[in-house]
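These are the residues of each chain, in order.
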Amino acid sequence: MRGTVPSSDVDFAAVRAEFELVEEFPAAAQSEAEEAVDRHAGDRQDRRDIEFVTIDPPGSKDLDQAVHIVADGDGYLVRYAIADVGALVPPGGALEDETRRRGQTMYLPDGSVPLHPRALSEGAGSLLPGEDRPVALWEIRVDAAGEVTSATVRRATVRSRAQLDYAGVQADFNAGRVHPSVALLPEVGRLRQAWSRAHGAIELRLPAQEAVRGADGWELRIEPRTDFDGYNAQISLLTGVCAAAIMLDAGAGLLRTLPAAPKDAVDDLRRTAAALGQSWPEGASVGDFLAGVDVSTPRGLAVMSDAARLLRGSGYAAFGVQGAVALPADASHAGVGAPYAHVTAPLRRLADRYATEVCLAACAEAAIPEWASAALIGVAETMQRTNTVANKVDRACIDLTEAVILGGRVGEIFEAVALREDQVLLDDPAVIAPCTGAPPEGARVRVRLESADVATRKVGFRFEGTLV
């Protein structure tokens, strides 16, 4: 395959070294993870009767979430079990210190650099099937219109029944044999998608590159996504919206924020859509318009790529604790359509452990543990810093793979879609790269590879002409 290179030709060790990513933990932190015990074992409800299942990419071992959905009158009862990492990491210990330095798990094509030692993230804390696990159990009621009517979280013990993956669940659903615990997931997912759009949410559907190692070596492809990927994401977003509401009512917490799109950026998108022949119905919101864009077409893909400029300035905001600044007037998340918090991936993301602890205390009408409230500002800063690093690591890995795969092919002509006047997406391999010569946005084009430098991890193309 022209778009594949031997595994030995792509070495991500340089990326690890550049960003100082080291998997090994200090001995004391490793020991705490290996000896982790549930500090709240005596305070849990036994909910092993609920037939939870997990849905993750194939081969995942750090399983944060398990889901179970049933009908509830004319609405739904969503139960979402989240690994209770706060009960397994001793406050003030070596492991907490190390995770507050790391911030989040870093994912590279050849493996991850975890937030927690694998003894915890892939063992004692992971919601592996057939194992009793401590969780923060969310119970959320949603009516027939997708509106939340109640939400609470408490500590519980659960046992997952099955570890599912997105493609498998989609195939089962198409064949009419989906697991009963997630049979209603499409209904709830679609309701929440509509709810979010009605509240001004902007959802981007852009191609995501991934480097994958197969039998013949490394290749680049567009990450496959199923409808169930989107539906499952809606359950996480729903939980994050409920968590934000609970913390705002409590007067303290940690939000994930994203400001509303500036008017001039929306006006620019309208002009781009009109120039590319994409109909924007009168009165339709940005979210409704984008939901109708067909990204399988070159022009639709170009419009969606341009819309990425609407969602900039994401951050974390700690509030209600000593030293915190006041929340902005609009503390919502533009991609969700409401205030939002990260609480559903504590094995992989630091913020979730602390925000969950605030929610547990609020629902129990108890004081927030001092170890959690005192850390919120620092956790917000850590998440902001490590998000930047994670994005750079991801980009560096893709850029390296692109340069290696295209090495030796300088001068060749490729077919592509012009995402912008300075960027193209190749048909094969799945490279997104700069392009000179101002290719017409949204057109199918021919481009010539002008450079592929492994040392700098940069590739570049030149526009040669449009395709009929």
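Procedures and definitions
Residues numbered from 1 in each chain as written. Predicted model: local features only at pLDDT ≥ 70, side-chain atom pairs only at ≥ 80, totals over all residues. Heavy atoms only, no water. Phe/Tyr/Trp six-rings, centres within 6.5 Å; stacked < 30°, edge-to-face > 60°. Helix = DSSP H or I, 4+ residues; strand = E, 2+ residues; numbered from the N terminus. Buried < 20%, exposed > 50% of the residue type's maximum accessible area, 1.4 Å probe, protein only. Core = buried A, V, L, I, M, F, W, Y, C linked by side-chain atoms within 4.5 Å. Contact = heavy atoms within 4.5 Å. Polar contact = N/O pair within 3.5 Å; in protein donor to acceptor, adjacent residues only side chain to side chain. UniProt positions renumbered as here; feature names shortened; annotations may be inferred. Pairing = 2+ DSSP bridges. Axes fitted to C-alpha atoms, helices over the stretch in contact; angles between N-to-C directions. Salt bridge = Lys/Arg side-chain N within 4 Å of Asp/Glu carboxyl O. Expected span 1.5 Å × (residues − 1). Parallel < 35°, antiparallel > 145°, perpendicular 65-115°, else oblique. Left-handed = near helix turned anticlockwise from the far one by under 90°.

As annotated in an unreviewed UniProt entry, the chain carries the name Ribonuclease II and is attributed to Tsukamurella paurometabola.

Another aspect to go through is the packing of aromatic side chains. Aromatic rings considered in pairs are described by the distance between their centres and by the relative angle of their planes. Per the counting criterion, the structure on display carries six aromatic pairs. Relative to tryptophan 218, the ring of phenylalanine 12 lies with its centre 5.3 Å away and its plane at 80°, an arrangement referred to as edge-to-face. Of the two residues, phenylalanine 12 is situated in the loop between β1 (4-5) and α1 (13-18) and tryptophan 218 in strand β12 (residues 217-222); the sequence distance between them amounts to 206 residues. On the basis of relative accessibility, which here comes to 1%, the residue tryptophan 218 falls in the buried class.

Looking now at the nonpolar core. Formed by 56 residues in total, the largest nonpolar core has its most connected members in Ile69, Trp138 and Val182. Not counting residues within four places of it along the chain, the set of residues in contact with tryptophan 138 comprises Val78, Arg79, Tyr80, Ile82, Thr152, Val153, Thr239, Cys242, Ala243, Ile246, Val343 and Cys359. With 36 residues, the next largest nonpolar core counts Val5, Leu426, Cys435 and Val459 among its residues.

Position of glutamine 209 among the secondary structure elements: in strand β11 (residues 209-214). Engagement of the side chain of glutamine 209 in a polar contact is seen with the side chain of arginine 395, the distance being 3.4 Å. Beyond its immediate sequence surroundings of up to four residues, glutamine 209 is in contact with Arg221, Ile222, Arg395, Ile398, Glu402, Ala430, Val431 and Ile432.

Turning our attention to the UniProt feature "domain: RNB" (unreviewed entry) in the chain. UniProt tags residues 44-365 as "domain: RNB" (unreviewed entry). Between the first and last C-alpha atoms of residues 44-365 the distance is 16 Å; the span itself is 33% helix and 24% strand.

With mixed pairing, five strands are arranged side by side around a closed barrel as β15-β16-β17-β19-β18. For this sheet, the mean inter-axis angle between neighbouring strands, taken without regard to orientation, is 50°. Pairing analysis gives eight bridges linking strand β18 (residues 444-453) to strand β19 (residues 458-466), with the strands arranged antiparallel. Across the sheet, the residue bridging to alanine 452 is valine 459, located in β19. Packing against the sheet, helix α10 (residues 298-307) makes contact with β15 (413-420), β16 (423-426) and β18, and its axis sits at approximately 50° to β15.

Another point: the pairing of β12. Direction of pairing for β1 relative to β12: antiparallel, over a ladder of two bridges. Among the inter-strand pairings, threonine 4 is bridged to a residue of β12, identified as glutamate 219. Counted between consecutive antiparallel strands, the loop separating β11 from β12 contains two residues.

Our next topic: the pattern of salt bridges. Under the counting rule described, the total for this entry stands at 35 salt bridges. Residue arginine 16 is joined to aspartate 110 by a salt bridge in which the shortest nitrogen-to-oxygen separation is 2.8 Å. Separated by 94 residues along the polypeptide, arginine 16 in helix α1 and aspartate 110 in the loop between β6 (106-108) and β7 (111-113) bring together distant segments of the chain. The closest approach of N and O atoms between arginine 395 and aspartate 399, which form a salt bridge, is 2.9 Å. Of this pair, arginine 395 and aspartate 399 both sit in helix α13 (residues 376-406), four residues apart, which is roughly one turn of the helix. Judged by its relative accessible area of 34%, arginine 395 is partly exposed.

Taking 1.5 Å per residue, 14 residues should reach 20 Å; helix α6 (residues 185-198) reaches 20 Å between its end C-alpha atoms and fits that length. Taken as a whole, α6 has its buried residues at Leu185, Pro186, Val188, Gly189, Leu191, Arg192, Gln193, Trp195 and Ser196. Tucked inside the fold, the buried residues of α6 contact β3 (53-55), β4 (65-72), β5 (75-83), β9 (148-159), α5 (166-174) and α7 (227-250). Backbone geometry just downstream of α6 places glycine 200 in the positive-phi region, at approximately 90°.

Axis separation between helix α11 (residues 350-363) and α13 bottoms out at 9 Å; the angle between their running directions is 150°. If you check the angle between α11 and α13, you find them roughly antiparallel. In this structure, α11 meets α13 at a crossing whose hand is left-handed. The segment α11 lies against α13, with Leu350, Ala351, Tyr354 and Val358 engaging Leu376, Val379, Thr382 and Met383.

Moving on: the packing of helix α8 (residues 263-275) against α10. Packing of α8 against α10 brings their axes to within 10 Å, and their N-to-C directions diverge by 170°. When the axis of α8 is compared with that of α10, the two are roughly antiparallel. The segment α8 lies against α10, with Asp268, Leu269, Thr272 and Ala273 engaging Val303, Asp306 and Ala307.

Moving on to the environment of alanine 291. Mapped onto the elements, alanine 291 comes out in helix α9 (residues 286-291). Classification of alanine 291 as partly exposed rests on a relative accessible area of 41%. Apart from the residues within four sequence positions on either side, alanine 291 is in contact with Arg197 and Arg205.

Here we take up unusual backbone geometry. Cis geometry is adopted by the peptide bond preceding proline 429, which originates at aspartate 428 and carries an omega value of -5°. Here proline 429 shows up in the loop between β16 and β17 (432-436). Its identity as a non-glycine residue notwithstanding, glutamate 365 has a phi of 55°, on the positive side. Counting through the fold element by element, glutamate 365 comes out in the loop between α11 and α12 (370-373). Take glutamate 365: its relative accessible area is 78%, and that puts it in the exposed class.

All right, on to the sheet that holds β1 then. Sheet architecture is open: three strands sit in the order β1-β12-β11, paired in antiparallel fashion. In this open sheet, the two edge strands, each paired with only one partner strand, are β1 and β11.

Our next topic: the pairing of β11. As paired strands, β11 and β12 are joined by six bridges and run antiparallel to one another. Paired with valine 212 across the two strands is glutamate 219, which belongs to β12.

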